[in-house]
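Overview (structure and organization)
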Amino acid sequence: MSFLLPKLTSKREVDQAIKSTAEKVLVLRFGRDEDPVCLQLDDILSKTSSDLSKMAAIYLVDVDRTPVYTQYFDISYIPSTVFFFNGQHMKVDYGSPDHTKFVGSFKTKQDFIDLIEVIYRGAMRGKLIVQSPIDPKNIPKYDLLYQDI
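Residues numbered from 1 in each chain as written. Predicted model: local features only at pLDDT ≥ 70, side-chain atom pairs only at ≥ 80, totals over all residues. Heavy atoms only, no water.

**A few points about the environment of V130**
Secondary-structure assignment places V130 in strand 7 (residues 129–131). On the basis of relative accessibility, which here comes to 8%, the residue V130 falls in the buried class. Distance from V130 to S96, taken between C-alpha atoms, is 13 Å for residues 34 residues apart in sequence. The residues contacting V130, other than those within four sequence positions of it, are K91, V92, D93, V118, I119 and G122. (Helix = DSSP H or I, 4+ residues; strand = E, 2+ residues; numbered from the N terminus. Buried < 20%, exposed > 50% of the residue type's maximum accessible area, 1.4 Å probe, protein only. Contact = heavy atoms within 4.5 Å.)

**Considering the pattern of salt bridges**
Per the counting criterion, the structure on display carries 7 salt bridges. Of the charged contacts, one joins D15 and K11 as a salt bridge, the two residues approaching to 2.7 Å between their closest N and O atoms. One end of the pair, D15, and the other, K11, are both in helix 1 (residues 11–20), 4 residues apart, so they sit about a helical turn from each other. By relative accessible area, which is 37% here, K11 ends up partly exposed. Of the charged contacts, one joins D42 and R29 as a salt bridge, the two residues approaching to 2.8 Å between their closest N and O atoms. (Salt bridge = Lys/Arg side-chain N within 4 Å of Asp/Glu carboxyl O.)

**Looking at unusual backbone geometry**
With omega at -5°, the peptide bond leading from I78 into P79 counts as cis. As for its placement among the helices and strands, P79 is situated in the loop between helix 3 (67–72) and strand 4 (80–85). Its identity is not glycine, yet E23 carries a phi of approximately 60°, on the positive side. Along the polypeptide, E23 turns up in the loop between helix 1 and strand 2 (25–31).

**Points about the packing of aromatic side chains**
In this structure the tally under the stated criterion is 8 aromatic pairs. Their ring planes at 75° and their centres at 6.0 Å tell us that F73 and F84 sit as a pair that is edge-to-face. Separated by 11 residues along the polypeptide, F73 in the loop between helix 3 and strand 4 and F84 in strand 4 bring together distant segments of the chain. Given the relative accessible area of 5%, F73 is considered buried. Here F84 falls in the buried class, since its relative accessible area comes to 5%. Three or more aromatic residues link up through ring pairs in this structure, and these residues are F30, Y69, Y72, F73 and F84. (Phe/Tyr/Trp six-rings, centres within 6.5 Å; stacked < 30°, edge-to-face > 60°.)

**Some details on the packing of helix 2 (residues 36–49) against helix 4 (residues 109–124)**
One can describe the packing of helix 2 onto helix 4 by two numbers: an axis separation of 9 Å at closest approach and a directional angle of 60°. Taken together, the axis directions place helix 2 and helix 4 in an arrangement best described as oblique. Relative to helix 4, helix 2 is oriented so that their crossing is right-handed. Facing helix 2, whose interface residues are I44, L45, K47 and T48, helix 4 presents K109, F112 and I113. When its residues are assigned to classes, the contact of helix 2 with helix 4 shows 4 nonpolar, 1 polar and 2 charged. (Axes fitted to C-alpha atoms, helices over the stretch in contact; angles between N-to-C directions. Parallel < 35°, antiparallel > 145°, perpendicular 65-115°, else oblique. Left-handed = near helix turned anticlockwise from the far one by under 90°. Nonpolar A, V, L, I, M, F, W, Y, C, P; charged D, E, K, R; others polar.)

Right, here's the structure in full:
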């Protein structure tokens, strides 16, 4: 389903999307088109993109073609989903050590829709970090690579 969503293939395209997406949540899925978990997430993103079109713009970003952003957001696990609103990086407290991105695939379409609604409402109120509405058991668990260094 990744062919249904627009792809950003360079740093310039990602920069332009961040700068030009106004009054909507910008969703950037970092990953690879051939990865099975990325394909699972892409299916959820493509099925919800029309429902969320007034609130969100969804793009796919290849981690191999945008190494600057892959390093900047410390994307070591794919897929990783990053959110922006009016050029501002939106953080979400998932109950995990990392609030900058969602790692893995969403379990259901409704989890993704709920998260976008919470980010959108929080951003409209001027918040830069919001509390995740997703049930903690539906959030993939992982350890940060640089822990205990």
